[in-house]
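Take a look at the letters that make up each chain.
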Amino acid sequence: MRVALFVTCLVDLMRPRIGFAAIELLEAAGCEVVVPEKQTCCGQPAYNSGDRASAAMLAKKTIAEFEPFDYLVAPSGSCADQIRTEYPGLLADDPEWHGRAVALASRVHELTDFLVSVAKIEKIPGAFEGSVTYHDSCAGLRSLGIKDQPRALLARMPGVELKEMTGADECCGFGGTFAVKFGDISTAIAAKKCDNVVATGADAVVAGDLGCLLNIEGKLRRMGDEKTKVLHIAEILAGDA
Amino acid sequence: MEIRSMRFKANASAKLADAGLQRNLRKAKGKFVDTRAVAIKEIDDFEGTRRAARDLRDRVLKDLDLWLERFETQATARGATVLWARDGAEICRHVVDIARRHGVKKATKSKSMLSEEAGLNQALAAAGVEPVETDLGEYILQINDNEPPSHIIAPVMHKNVEQVADLFAKTHHKPRKTDIPQLTREAREVLRSHFLTADMGISGGNFLVAETGSVALVTNEGNGRMVTTLPKVHVVITGIEKVIPTLEDLSLLMRLLPRSATGQSISNYFSVLTGVKQPDESDGPEHLYFVLVDNGRADVVGSEYHEMLRCIRCGACMNHCPVYQSIGGHAYGWVYPGPMGSILTPLYAGIENAVDLPNAATLCGQCSAVCPVLIPLPELMRKLREEQVERKLRPLAERLALKAWAWVANRPALYALGTWFAVRYLKWLAGGGDRIRVLAAAPEWTAGRDFPAPQGKTFRELYRQRQP
């Protein structure tokens, strides 16, 4: 099957290695991976800021680039949710584009969900020695139902010990533009998340969304925690951590 | 009530800096979350029950006028008088008129958020009627110079026992005590004389039952019964959206309300009050008035925000909200805090008077995940954001920045160039390290957090380099 990787704008800019780890995992699961080169952003920042016209423009661009492939896979529950859940409603007024959005939607997956539910990956390529705690990102968890998939994959790595934190399913305070519009509230929420992370004593905090990870890493370091690693699930599964 | 929602951001910052409040919030956090999680397991099919409750509320709201007429007919047939109030000022006029008609000097009150919307206590006092709040939380706020509530069901969520002890000692002129049973006993002693001497009782209403013309009251302190049965006049003030067709429907919603609110299977007191005192009845008011309030609700019927009117005021959304948990209820600046308040305040008090509220959410979705009537709260906040953009209520710089960014993101070559520069600039700011301490482009981020440095090149550059 031909899988088109939606890299996400944050991974493109901040952590390309997550994109390469995702390619490695998809290939390990037997997929042919294509990276459409004109992709940019799914448009979620505009959508959540109330700029519906800009969001619709970028939605059409993304649909056109990804609809030729069997699947769209993103190393982000947030972006996958935007494309899968929100695009059809966003383009509801335009029958042609609405139809194309719906046709794409059912083929859109977050990375761990795709590896477990669709590609049914057999061998996890990476190795990691140590304890990890998993933060559930909001859109992935509550909209796409991503909870067991990353944990199932981690459980298949012999060196990994999962230590669940209190409130793993609570928001980290990122919220996209919320993090820069209401910085002090966002930081206060992040601080609670980081306290819960540190309380587990885990060697690494792992999540499926880079937005959350940048927020958590930024707060951990400002709090003086230099030792907790902050990793994307793809990095740990692919062994690039 | 005066709207202070335009000062949300500054108020929220002050609440974050208030160490005492933060201690109280930390202590309160999770209490109702944990009890709710246990209580909803008692229901065999919680999801099915929620869907049934949603469908019921939608059915009523679709024909709201008809159900209200039926309620009016039934309530009137049982001796009550139904009055309609377009806004807060009309609520005050009605209640003051009723007080004058019956020569009322003192009115005891059970909890009513509508009376907060109207600022009723001030209007009563100005008309020479002494209002006495009898819900313990509301009473504490009243003796603290009419402080507004910070939560819809736990109005003094933001206070601790020491603060209440100080207030009681100052107001009651009795020795200061911090033992909670002793404090509640003292409140009971003070309030009892008010219950016995009040000429009028004012309550809210959790639901109005159309088939019987009844009001249902859900309380935990018993004050609701004193207020609604002892005085000769009882005035119910509630929103027009609170009507439901039948007692059977009431039982459905009552399976969800206390469990979602406090995690109780049933509240300590649950009253269904119907009509005036009959000759063969031992108690109840001789005169019963319903003041049914619009105050913005009618405009929401049939609008793109109509799902908000399903709300049964349980408070689960705020109990589970990471923003509410961090700043408490006062920062929201009007009657209703948390996610439901971030939608109700702009709808009822004007979208231009509460511009921050729908934006002050991470859209984490926890509120809609726990809502007993499945209100898509994040979706409604997002729609309000769209309306703000359409009506140019967002800052020009923000609107232009979004447009410019989207324009670039729609042009891959330009976007690639832009990110090529951006990533190098960020890397330079990090100065070879793994973090940026001060990011001028995002000062709100780096005031309390570091900004992790980028890897160094964009994915698209590295991917292209890898291609043979």
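Residues numbered from 1 in each chain as written. Chains lettered and ligands numbered in written order. Predicted model: local features only at pLDDT ≥ 70, side-chain atom pairs only at ≥ 80, totals over all residues. Heavy atoms only, no water.

A. Expanded view of the domain arrangement of chain B. If you check the domain split of chain B, you get domain 1 (44-298) and domain 2 (404-466). The centre of domain 1 of chain B, based on its C-alpha atoms, is set 55 Å off from the matching centre of domain 2 of chain B. (Domains from an automatic or database assignment.)

B. Quick look at unusual backbone geometry. Residues and elements named next belong to chain B. In this model, Asp145 sits at a positive phi of 60°, which is unusual for a non-glycine residue. Along the chain, the position of Asp145 falls in the loop between α9 (136-143) and α10 (161-172). Of the residues examined, Asp145 reaches a relative accessible area of 69% and is grouped as exposed. Residue Lys392 is not a glycine yet carries a positive backbone phi of 55°. Of note, Lys392 is situated in the loop between α19 (377-390) and α20 (396-409). (Helix = DSSP H or I, 4+ residues; strand = E, 2+ residues; numbered from the N terminus. Buried < 20%, exposed > 50% of the residue type's maximum accessible area, 1.4 Å probe, protein only.)

C. Expanded view of the interface of chain B and chain A. Contacts between chain B and chain A engage 65 residues on the former and 63 residues on the latter. For chain B, the biggest contributors to the area lost against chain A are Arg449(B), Gln455(B) and Phe459(B); these three give 14% of the whole. For Arg460(B), the salt bridge goes to Asp12(A), with nearest N and O atoms at 3.2 Å. Among the elements that take part in the side of chain B that touches chain A, α20(B) stands out by supplying 7 residues, more than any other. (Contact = heavy atoms within 4.5 Å. Buried area = accessible area lost by both parts, 1.4 Å probe. Salt bridge = Lys/Arg side-chain N within 4 Å of Asp/Glu carboxyl O.)

D. Examining the pattern of salt bridges more closely. Residues and elements named next belong to chain B. Per the stated rule, a full pass over the model turns up 42 salt bridges over all chains. Notably, a salt bridge pairs Glu133 with Lys109, separated by 2.9 Å at the nearest N-O pair. Taken as a pair, Glu133 in strand β3 (residues 130-133) and Lys109 in strand β2 (residues 106-109) lie far apart in primary sequence, 24 residues in all. Each member of the pair, Glu133 as well as Lys109, carries the same accessibility label: buried. With its nearest N and O atoms 3.3 Å apart, the salt bridge here joins Arg391 to Glu352. Of this pair, Arg391 sits in the loop between α19 and α20 while Glu352 sits in the loop between α17 (338-349) and α18 (366-370); the two residues are 39 residues apart in sequence, bridging distant segments of the chain. When its relative accessible area of 44% is taken as the criterion, Arg391 is described as partly exposed. Among the residues examined, Glu352 registers a relative accessible area of 36% and is labelled partly exposed.

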